[in-house]
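Each chain, letter by letter, is given below.
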Amino acid sequence: MYRTIAASVLALAISSVTLSPAMAEAPVTYVKIAKPAADTPVLVVEPEVSLALLTAGGSQDPKEEWSQSARKYIGASLTTVLANRKYKTSTVDLNTTEDPRALQMLKLNDAVIDSISLSQIVTYRLPTKTGFDWTLGDGVTTLVPADAAPDAPPAYALFVRVKGSYSSGGRAAMMVGMAMLGAAMPMGGQTIQASLVDLKTGQVVWYNVIGVAAGTDIRTAEGAASAVNVLTTNLPL
């Protein structure tokens, strides 16, 4: 029951951020850092992506092939954005790692991202947390690849998490019918969250969340690139 309530609250938080930002009073989602020099190594963590088909009845049918396509294209787009900004990139897939410490970091990051999401809503914001102060701890150094150059290890890690659904043809048809009757019907949508973590200190230095624009299909290279460009507009790299 606790997990169900927590999931509902988190969904409300994300919805409020993407659909009603005024309700969140535009909280600060970054700490000021000096812009890293060109050629600074940045670690791109393979995106976590979960996409589903929203059926006519309102249930969600997970689609692994959709998730894999979006994961591939979003990951490639992140690398392209960073390369265009003159940074060196490397990629790590924590979902397939054999290092339990690195996998634990992925789970910890998910928990921190959930907390940041909740903090976007005034109702759930901790009264004593007045600034953007989040960390993964010094254990984050386990993410640094073993083959990284000892004199120039990655300075930051970029995490991205994608969740959402696409409506089925039946759902779309029902929406049209309901609209003719003057009633609204929720359609599918996707949310992308990202965080930038200092690999020396574990501090989260930047967070962003966007709702993917209608008509943008992140299962394609073009759609993923469009969404990533929006996501990283204020990335401090």
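Since we're looking at a predicted model, the values are computed, not measured. (Residues numbered from 1 in each chain as written. Predicted model: local features only at pLDDT ≥ 70, side-chain atom pairs only at ≥ 80, totals over all residues. Heavy atoms only, no water.)

Let us look at the confidence of the model for the protein. Counting all residues, the mean pLDDT for the protein is 81, and 78% of those residues have values of 70 or more. Low pLDDT, under 50, characterises residues 1-24; the predicted model gives this stretch 26 contacts beyond four residues in sequence or across chains. (pLDDT = per-residue confidence, 0-100. Contact = heavy atoms within 4.5 Å.)

Right, let's talk about the pattern of salt bridges for a bit. For the coordinates displayed, the defined rule picks out five salt bridges. Residue R101 is joined to D99 by a salt bridge in which the shortest nitrogen-to-oxygen separation is 3.3 Å. Between D114 and R161 there is a salt bridge; the shortest N-O distance is 2.7 Å. Of this pair, D114 sits in helix α3 (residues 100-119) while R161 sits in strand β5 (residues 156-167), placing them 47 residues apart in sequence. (Salt bridge = Lys/Arg side-chain N within 4 Å of Asp/Glu carboxyl O. Helix = DSSP H or I, 4+ residues; strand = E, 2+ residues; numbered from the N terminus.)

Let's shift gears to the packing of aromatic side chains. Across all of its chains, the model carries one aromatic pair by this definition. Between W66 and Y166, the aromatic rings sit 5.8 Å apart at their centres with planes inclined by 85°, giving edge-to-face as the arrangement. Pair noted here: W66 is in helix α2 (residues 64-84) and Y166 is in strand β5, with a separation of 100 residues, a long-range link. Take Y166: its relative accessible area is 12%, and that puts it in the buried class. One Lys or Arg, R219, reaches over the ring of W66 and ends 4.4 Å from the middle of that ring. Over the aromatic face of Y166 sits the side chain of R219, whose NZ or CZ is 3.7 Å from the ring centroid. (Phe/Tyr/Trp six-rings, centres within 6.5 Å; stacked < 30°, edge-to-face > 60°. Buried < 20%, exposed > 50% of the residue type's maximum accessible area, 1.4 Å probe, protein only. Lys NZ or Arg CZ within 6 Å of the ring centre and 35° of its normal.)

Nonpolar side chains in soluble globular proteins tend to end up buried together. Ranked by internal contacts, the top residues of the largest apolar core, which has 55 residues, are I74, L143, F159, I192 and I218. Within the residue set of this core, elements represented by two or more residues are β1 (41-45), β2 (48-54), α2, α3, β5, β6 (190-198), β7 (204-211) and α5 (221-231). Examining the composition of this core, we find that seven residues originate from one element, β5, more than from any other. Leave out the neighbours within four places in its chain, and I218 touches L51, A70, Y73, I74, V162, Y166, Q190, V212, G223, A224 and A227. (Core = buried A, V, L, I, M, F, W, Y, C linked by side-chain atoms within 4.5 Å.)

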